[in-house]
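# Observations on the model geometry
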Amino acid sequence: MKKSLFPAWTLSQEKAVFVNQHHPSPDLDDCFMLFQDRDLLLRDRAFVYPVPPFSESKIITREFLGIYENRNCYAVLVQGCTAAADDAWFSMREVREILSIKNYAMASRGLQLAEWAICQKFCGRCGEINKRNGAARVCSCCGKEYFPPVAPSMIVLVHDGERILLARSPSYPKNLYSILSGFVEPGESVEQSVHREVFEEVGIKICNLEYVASQPWPFPHSLMLGYQAQYSGGEIKKDPTEIDDAHWYAIHDLPLIPSMSTIAGWMIRKRQHDLGING
Ligand SMILES: [Zn+2]
């Protein structure tokens, strides 16, 4: 019997170590995760510290996130800090390969909320100071409310029997191929965005879209919605501004693909799994 292949980030969060809360609890200890230039400070695999290991003068902002492992948890943005001997800065892409799914989700939430807090200090309508109110920021003068942004984007595995379409963006690591993705535009459904992006990037038509799964994507604040779709016509014609190279590949003979910690890597392996092929 075939084993199922779940993406861990879609599993229930009932046993999550994090509790969403807007104010710290006075009877609990604190803990801090530290970010600098979108990198996270790690000590071995630990990503929270009992006190920030840098002086107050280096701290740009400190944002309360909720309760993590029974401690008040804050995301702290710092600047001009050199990591101590036991610590090191890691990019969020590196962190995704190091931390557990739950801890990575926590770090991703921390980075997004702390960055949003410094970008949303002032009201965009009247320029006055915003104050925190629950999950929102509210203008102290005109009362306009602001909520943390989540930008939907889509990713799609296009298949044609035992072939799948893979492409390279100029920004990918050397030799890496993946499935197509792009941002949803204002006024567009996710499905329309999938059709549009595939046609714009490689000039082909698709049909029979099926939603598969989603993954939070903190680059900078997206939610990746994963679809698979059937090829329905056209020849590959690359958009050279977005795509370096694109080909059909036999599902049992693929080039270098993203890791399982990404929805792209998981969806490609799921397709292999669904067709009874070991990647
Ligand atoms: Zn205002």
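Bear in mind the structure is a predicted one, so any value in this text is a computation, not a measurement. (Residues numbered from 1 in each chain as written. Predicted model: local features only at pLDDT ≥ 70, side-chain atom pairs only at ≥ 80, totals over all residues.)

## Concerning the overall build of the chain
Per the secondary structure count, the chain includes four helices and 15 strands. Along the longest, intermediate and shortest principal axes, the C-alpha atoms of the chain span 60 × 45 × 35 Å. Classification of the 279 residues of the chain by burial places 31% in the buried group. Of all intrachain contacts in the chain linking residues separated by at least 6 positions in sequence, the fraction that spans at least 24 positions is 63%. (Helix = DSSP H or I, 4+ residues; strand = E, 2+ residues; numbered from the N terminus. Buried ≥ 20, exposed ≤ 12 C-beta atoms within 10 Å, placed from the backbone. Contact = placed C-beta atoms within 7 Å.)

## Let's talk about helix 3 (residues 190–202)
Its 13 residues place the ends of helix 3 18 Å apart at the C-alpha level, agreeing with the 18 Å of an ideal helix rising 1.5 Å per residue. Residues Ser 193, Val 194, Glu 197, Val 198, Glu 201 and Val 202 constitute the buried set of helix 3. Angular distribution of buried residues about the axis of helix 3 spans 125 degrees; they occupy a single face of the element. Where helix 3 is buried, its residues contact strand 10 (151–160), strand 11 (163–168), strand 12 (180–183), strand 13 (205–217), strand 14 (222–233) and strand 15 (245–250). (Expected span 1.5 Å × (residues − 1). Arc of directions from axis to C-beta.)

## Some words on unusual backbone geometry
With an omega of 0 degrees, the peptide bond between Phe 219 and Pro 220 qualifies as cis. With respect to the element layout, Pro 220 can be found in the loop between strand 13 and strand 14. With phi around 70 degrees, Asn 175 is a residue other than glycine that occupies positive phi space. Note that Asn 175 resides in the loop between strand 11 and strand 12.

## Some words on the sheet that holds strand 8 (residues 136–139)
What the three strands build is an open sheet, ordered 7-8-9; its pairing is antiparallel. Only two strands of the sheet have a single partner each, and these edge strands are strand 7 (130–133) and strand 9 (145–146). Two strands pair when backbone bridges link them, and strand 7 and strand 8 are joined in this way by four bridges, in the antiparallel orientation. Bridge pairing links Arg 132 to Arg 137 in strand 8. (Pairing = 2+ DSSP bridges.)

## Focus on the pairing of strand 5 (residues 71–78)
Burial within strand 5 is extensive, with seven of its eight residues counted as buried. Here six bridges tie strand 2 (residues 30–36) to strand 5, and the two strands are oriented parallel to one another. Following the sheet pairing, Cys 31 is matched in strand 5 by Cys 73. Looking at chain direction, strand 4 (residues 59–68) and strand 5 are connected through eight bridges and run antiparallel.

## Observations regarding the domain arrangement of the chain
One can read the domain layout of the chain as domain 1 (17–119) and domain 2 (151–274). Counting residues per element, the ones that place at least two in the side of domain 1 that touches domain 2 are helix 1 (92–98) and helix 2 (101–119). If you tally residues by element for the side of domain 1 that touches domain 2, the top one is helix 2, at five residues. A class-by-class count of the residues in the side of domain 1 that touches domain 2 yields three nonpolar, two polar and three charged. (Domains from an automatic or database assignment. Nonpolar A, V, L, I, M, F, W, Y, C, P; charged D, E, K, R; others polar.)

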